[in-house]
Each structure stands twice: as structure tokens, then as C-alpha cells.
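Each chain is listed here by its residues.
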Amino acid sequence: MTQKQTTHSESDSESTTESPLETARRQLRTAASRTDVDDGVIERLKHPTRVVEVSIPLERDDGSVDVFTGYRAQHDDVRGPYKGGLRYHPEVNADECVGLAMWMTWKCAVMDIPFGGGKGGIVVDPKDLSDDEKERLTRRFAEEIRDEVGPSRDIPAPDMGTDAQTMAWFMDAYSMQEGETIPGVVTGKPPVIGGSYGREEAPGRSVAIVAREAIEYYDESLDDVSIAVQGYGSVGANAARLLDEWGADIVAVSDVNGGLYDPDGLQTQDVPSHKEEPEGVMRYDSSNTVSNEELLELDVDVLIPAAIGNVITADNAERIQADIIVEGANGPTTSTADTILHERGKHVIPDILANAGGVTVSYFEWLQDINRRTWSKERVNDELEEAMLDAWADVKAEVDGRDISWRDAAYVVALNRIGEAKEARGLWP
Ligand code: NAD
């Protein structure tokens, strides 16, 4: 997907437009006000440990040379090595990397995974690169940030504009320089070189698990609910198909061109996902279509925005009809919309919990790499299920105990864990 998830397509009526860093800091402030975590710890968490900026020279296929800028932001590693994606996108910048690294810190903490938060990328449009150029750029980037990464230091993964092949090149370049094969330096690799089975489906699977738990929590039955899913890619299609398999009616799905709507339920296995046929949703059936804007406002029980960021805004939050919104994408709900939905009694299950299956199975991949042992897909899925149910129970306990939103509860769980770790380790010197 090439869209920038965290750009600010919010309406003019929305008074604040936030960068990912501003959003991450605001969320930290809100969570801090709900916990007893020491002010000094909160102050430390407002700042990344470091942000590395590198120049990456690339010999183009025609023999000319271009120089690209790359970043790696490392936010906090009190609970373990930094973990987070590498993004190839023209709008990558240092602040965005820091904001996204902070989100990774919270996401790993809410899942109780022994990682901290990192994020990085290269300011480049990958569509402008040939495969050979992409490989050379990735290898040189790996070399430029080699001192910062490593299986016990900082572990990159795919993100926008990068994929399993990118991770394979990165791992190979790093291993060549270190003189030994080190698969645990990145996750999201092809299984043949230490990638994990089930990694690709994991974020969608976690969205489905969390949606199922939320439906049950609000005394509904999967058999009786209708669900609309925006974005039919890795996250959206995997979540939709699982929920369909478990008995729910998936009444609408969409891709970048628009959506299909059938109040009796769609055959989700037959509708092509982004991977199976990019932009194939509308080609599958051109009757009963809805726009992406209409899909969000359908009269359904559950809405899963799983495409891009900032799609539920001050403009449409009043018209969202679903009672439960499960965030499959990162940051689909603006802060103003979040407040409106909360006031309207809607339940928003936040991204840092719902789509955390991706980083959770990345953790499983790292364990497999370190132990040189492959887990079956069944084991991966079983362990993911258990991890999601544990995290769900922890967040639910805060929702029940304090009468706060699911988002606030997830941040409280994360911040408490990070705060306790900081207190236990202390500040040196
Ligand atoms: P993907 O590229 O596989 O699929 C994206 C889907 O969204 C496609 O169907 C595309 O056509 C559609 N889409 C693109 N722009 C749209 C728009 N403006 N309106 C409606 N639909 C649009 O991407 P993905 O991996 O499924 O990621 C989706 C979201 O989930 C992103 O926010 C991503 O950051 C987040 N996420 C992904 C993972 C992961 O590992 N894949 C993990 C956590 C979070």
C-alpha cells in the first residue's frame, strides 16, 4: 500500500491536525494522567533514545548515482530490544519515525512482548526503483545502520513499501558483514530463511480474535452480527474471512476503488484480496456497490477500518452507526472523532491491541530464529490466540475497573508495564 497512513486528511472543520509524533505524545499525556507512573519516567518517554540519519548512495541501473536519506528511530528499550518496521515512502521523516516508534513501544508493552519501540525507513518512492535498485539500496542501508541493529539490539520488520524480500536482502547484507548467518536481525522474512509461518495472516487474525471477544463482551453473538470491513488487504481480508468462517455476516468490504455491499453477507473467500488481485474487489461484482465513505456509515454492528489512517474524522464520526469499531489499520480514528464516538457510547478497540498480532508473531519468529527451531502454523496460531486473549483480559480489567475507553485502558496497561520496568532498572548514572 502506498498511501501514507498518518498524513492528515482530516477535514478543515477539525481544529487540530497532528503528526504521528504529536499524536503519540498526546496519547502519552492522556495515559500518564490516568496512572501513577513517575513524572520522571513520563518525561523520559517523551523523547526517543536516539534517531540515526544516514545517507545512502545508490548506483542506478543507468550508471548514475543518487543519494537517499534513511532513518532509524529508537524510542525505548527498557523491556527489550527495539522493534519496528522499515518504511520506504517519499514522506518518511525523522519525526514520523519517532512517533511510530513510540506506538511500537506501547504496542509491545500492551502485548507484554519483551521488545521496545523502533521505526525507520528511507525517503524514496519504491515504485521509482527497479528490483535491482531496491536490493542495492536495501543492502547499503543495512550497512549504514549495521551498528544500530541486531537480534538483541534493534530488529526491523516490513512496513509500507517493504516486504519479505526486502527483509531477506537486509538479513543477508547484515549476516555477510558479521561473518555468520543471523536470521534474528529482522522479522517478516520468507519462511525458507527463518521467517515464521502465519506471520502474514497474523495482524488480520488478531483483529478477528479481538472483534470476536468484543462482540461477546457486549452480549452479542457472532452468528447474529453484521460486519463492514474497509480495506481488503492483508489485515482486512484475513480478518473478514476468519470472522465469516466463525459465523458472522460480512456485509461489506472495500478496496481503494470502493466497496461491495450485501445485507445477506458476502462470500468472503471468493472476493479477491489485495494480494490475490490488487484492486479486484469492484471487478468481482459491480452491482450493489458502496463508496468507501458510505461503507463507514453503514448500519452494521461492527466496523473494521483496515485500510489507511485518519478515515474516521470529525466529519463522519456523528454518522457512524456501528456500536463496535475494531481498528485494523494504524490510526484510523482521529482524536476528535475518538471523543465524539466515546460520547456517543460507541466502543473503539484500539489499533495497539487489535492489530498487534503482527508484532506478536514477529516475536515468535525471533524466538524461532534464536532457537533455530521452526514452529508449525498451528502452534503459531495457538500461541497467538493465547497472547491475544491475555492482552484482551488485561485491557478489559482496566475498562471494567476504571470505566475508561478501550484506548485509554490499553495505554494504561502499556504505560504501567513500562513504568514498572523503568522503576526496577532505575536511571543510570
Ligand atoms: P495491504 O496493502 O495489504 O491492503 C490495503 C487495502 O486497503 C487494499 O485493499 C487497498 O486497496 C485498500 N486501500 C488503500 N487505500 C484505501 C483507501 N483510501 N480507502 C479504502 N481502501 C483503501 O495493507 P495491509 O498490510 O492490510 O495494511 C492495512 C493497514 O493495517 C495499514 O494501516 C497498516 O499500517 C496496518 N497494519 C498492517 C500490518 C501488517 O503487518 N500487514 C500490521 C499492523 C497494522
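Remember, it's a predicted structure, so these values are computed and weren't measured experimentally.

A. Spotlight on the UniProt feature "site: Important for catalysis" (unreviewed entry) in the chain. Those places that UniProt annotates as "site: Important for catalysis" (unreviewed entry) correspond, in this numbering, to Asp 159. By the secondary structure assignment, Asp 159 is in the loop between strand 5 (154–158) and helix 5 (164–178). On the accessibility criterion, Asp 159 (18% relative accessible area) is buried. Setting aside anything within four residues of it in sequence, one finds Asp 159 in contact with Gly 85, Leu 86, Arg 87 and Lys 119.

B. Just the pattern of salt bridges, in detail. Applying the stated criterion across every chain yields a total of 34 salt bridges. Its salt-bridge partner being Arg 136, residue Asp 61 comes within 2.9 Å of it at the nearest N-O pair. Taken together, the positions of Asp 61 in the loop between strand 1 (50–59) and strand 2 (65–76) and Arg 136 in helix 4 (residues 131–144) put the pair 75 residues apart, joining distant regions of the chain. Salt bridges sharing common partners tie together Arg 79, Asp 112, Asp 394 and Arg 417.

C. The arrangement of the sheet that holds strand 3 (residues 82–89) in detail. An order of 1-2-4-3-5 is seen for the five strands of this open sheet, with the pairing classed as mixed. The sheet terminates laterally at strand 1 and strand 5, the two strands that pair on one side only. Between one strand axis and the next, the sheet turns through 25° on average, direction left out of account. Pairing geometry for strand 3 and strand 5, over five bridges, is parallel. Bridge pairing in strand 5 places Lys 83 opposite Ile 155. Sitting on the sheet, helix 3 (residues 94–110) touches strand 1, strand 2, strand 3 and strand 4 (116–123), and the angle it makes with strand 4 is about 150°.

D. Structural view of the nonpolar core. Membership of the largest hydrophobic core comes to 89 residues, with the highest contact counts inside it found for Trp 106, Ile 227 and Val 326. Sorting elements by how many residues they give to this core places helix 3 first, with 11 residues. Two domains share this core, each providing at least three of its residues, namely domain 1 (47–183) and domain 2 (196–428). Membership of the second largest hydrophobic core comes to 23 residues, among which are Val 124, Ile 145, Ala 173 and Tyr 174.

E. Examining the packing of helix 6 (residues 202–217) against helix 12 (residues 357–371) more closely. At a closest axis distance of 7 Å, the pairing of helix 6 and helix 12 adopts a crossing angle of 125°. Of the possible angle classes, the one that applies to helix 6 and helix 12 is oblique. Two packed elements cross with a definite hand, and for helix 6 against helix 12 that hand is right-handed. Where helix 6 approaches helix 12, its residues Ala 202, Pro 203 and Ser 206 are matched on the opposing element by Gly 357, Gly 358 and Val 361. Across the contact of helix 6 with helix 12, the residue classes break down as three nonpolar, three polar and no charged.

F. Local environment of the environment of Val 67. Relative to the assigned elements, Val 67 resides in strand 2. For Val 67, a relative accessible area of 57% puts it in the exposed group. Through-space distance from the C-alpha of Val 67 to that of Leu 137 is 9.6 Å; in sequence the pair is 70 residues apart. In this structure Val 67 touches Ser 55, Ile 56 and Pro 57, once residues within four positions along its chain are discounted.

G. Layout of the domain arrangement of the chain. Domain parsing of the chain yields domain 1 (47–183) and domain 2 (196–428). For domain 1 versus domain 2, the separation of C-alpha centres amounts to 25 Å. Taken residue by residue, the interface counts 23 residues in domain 1 and 27 residues in domain 2. For the domain 1 and domain 2 pair, buried surface summed over both sides reaches about 2,200 Å², with 71% attributable to carbon and sulfur atoms. At the surface where domain 1 touches domain 2, the tally comes to two salt bridges. Counting residues per element, the side of domain 1 that touches domain 2 draws most heavily on helix 3, at eight residues. When its residues are assigned to classes, the side of domain 1 that touches domain 2 shows 15 nonpolar, two polar and six charged.

Rules behind the numbers
- Residues numbered from 1 in each chain as written.
- Predicted model: local features only at pLDDT ≥ 70, side-chain atom pairs only at ≥ 80, totals over all residues.
- Heavy atoms only, no water.
- UniProt positions renumbered as here; feature names shortened; annotations may be inferred.
- Helix = DSSP H or I, 4+ residues; strand = E, 2+ residues; numbered from the N terminus.
- Buried < 20%, exposed > 50% of the residue type's maximum accessible area, 1.4 Å probe, protein only.
- Contact = heavy atoms within 4.5 Å.
- Salt bridge = Lys/Arg side-chain N within 4 Å of Asp/Glu carboxyl O.
- Pairing = 2+ DSSP bridges.
- Axes fitted to C-alpha atoms, helices over the stretch in contact; angles between N-to-C directions.
- Core = buried A, V, L, I, M, F, W, Y, C linked by side-chain atoms within 4.5 Å.
- Domains from an automatic or database assignment.
- Parallel < 35°, antiparallel > 145°, perpendicular 65-115°, else oblique.
- Left-handed = near helix turned anticlockwise from the far one by under 90°.
- Nonpolar A, V, L, I, M, F, W, Y, C, P; charged D, E, K, R; others polar.
- Buried area = accessible area lost by both parts, 1.4 Å probe.

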